[in-house]
Amino acid sequence: MPYSVKKVSGGYKVGLATGGKMSDGKKNLSKKPLSKGQAEKQKKAVEISEKKATGKSLPKKQPAISGLSPSTSAKLREHAKNHSGMTSKHMKNMVKFMRAGDSFAKAHGKAKKLD
């Protein structure tokens, strides 16, 4: 199952990425809030443990698109699923505009006009 680190009062907790309850009825893995580093480690440990138990491999992180931050790159890759992948004209235009300093929304608007 995919997990995510969520900010709570007093620190961070790890729970399901969907925000729902786990099979044991709990929303989070820990009762007390953790530091961000501890929560990241807990998330990784649970994913590794689950991988060993189920035999499934963890999804590989994609490298960042050159000239863009890793979070922006991930957002673009997710958006590319709606546009036949990163090689589509729309996505190439978006990357070009974002490298030039445009926001995601502004680059998307410009790319839509060129489609």
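Residues numbered from 1 in each chain as written. Predicted model: local features only at pLDDT ≥ 70, side-chain atom pairs only at ≥ 80, totals over all residues. Heavy atoms only, no water.

### Overview of the pattern of salt bridges
Where we set the bar: Salt bridge, as applied in this entry: a Lys or Arg side-chain nitrogen positioned within 4 Å of an Asp or Glu carboxyl oxygen. In this text, helices come from DSSP runs of H or I with a minimum length of four residues, and strands from runs of E with a minimum of two, each type numbered from the N-terminal end. Between buried and exposed lies partly exposed: a residue is buried under 20% and exposed over 50% of the maximum accessible area for its type, with that area taken using a 1.4 Å probe on protein chains only.
Under the criterion given, the structure shown has three salt bridges. Across the salt bridge formed by Glu47 and Lys43, the nearest N and O atoms sit 3.7 Å from each other. Of this pair, Glu47 and Lys43 both sit in helix α1 (residues 36-54), four residues apart, which is roughly one turn of the helix. Assigned by exposure class, Glu47 and Lys43 land together as buried. Across the pair Asp102 and Lys110 runs a salt bridge, and its minimum N-O distance is 2.7 Å.

### As for helix α2 (residues 70-80)
Short version of the rule: When we speak of the arc, we mean the arc of directions from the helix axis to the C-beta atoms. In this analysis, two residues are considered to be in contact whenever any of their non-hydrogen atoms come within 4.5 Å of each other.
Among the residues making up α2, those that are buried are Ser73, Leu76, His79 and Ala80. Buried residues of α2, viewed axially, fall in a sector of 125 degrees; they line one side. Those residues of α2 that are exposed and aimed more than 90 degrees away from the buried face are Pro70 and Ser71. Summarising the contacts, the buried residues of α2 are in contact with α3 (89-99) and α4 (104-114).

### A look at the pairing of strand β1 (residues 3-8)
Worth spelling out the cut-off: We call two strands paired when DSSP finds no fewer than two bridges between them.
Here β1 pairs with strand β2 (residues 11-16) via six bridges, running antiparallel. Along β2, the bridge assignment pairs Val8 with Gly11.

### What about unusual backbone geometry?
Even without being a glycine, Ser84 presents a positive backbone phi close to 60 degrees. Here Ser84 lies in the loop between α2 and α3. For Ser84, a relative accessible area of 71% gives the class exposed.

### Comments concerning the nonpolar core
The following threshold applies: Residues belong to one nonpolar core when they are buried, are Ala, Val, Leu, Ile, Met, Phe, Trp, Tyr or Cys, and are joined through side-chain atoms within 4.5 Å.
By size, the foremost hydrophobic cluster in this structure holds twelve residues: Ile65, Leu68, Leu76, Ala80, Met91, Met94, Val95, Phe97, Met98, Phe104, Ala107 and Ala111. For this core, the elements supplying multiple residues, two or more each, are α2, α3 and α4. In terms of residues, this core owes the most to one element, α3, which gives five residues. Non-local contacts of Met98, meaning those with residues more than four positions away in its chain, are made with Leu68, Thr72, Leu76, Ser103, Phe104 and Ala107. Counting five residues, the second largest nonpolar core, distinct from the first, contains Val14, Leu16, Met22 and Ala39.

### Regarding the side chain of His108
Note the cut-off: The term polar contact refers here to a pair of N or O atoms within 3.5 Å; inside protein, the definition further demands a hydrogen-donor-capable atom paired with an acceptor-capable atom, and it admits residues adjacent in sequence only when both atoms are side-chain atoms.
You can see His108 is positioned in helix α4. Within the local environment of His108, its side chain forms a polar contact with the side chain of His79, the two groups lying 3.3 Å apart. Setting aside residues no more than four positions away along its own chain, His108 makes contact with His79, His83, His90 and Met94.

### Some words on the confidence of the model for the chain
Quick note on the threshold: Per-residue confidence from the predictor is reported as pLDDT, a score between 0 and 100.
Residue-level pLDDT values for the chain average 86, and 94% of them are 70 or greater. Confidence scores differ between elements of the chain, with α1 showing the lowest mean pLDDT of 86 and α4 the highest of 93.

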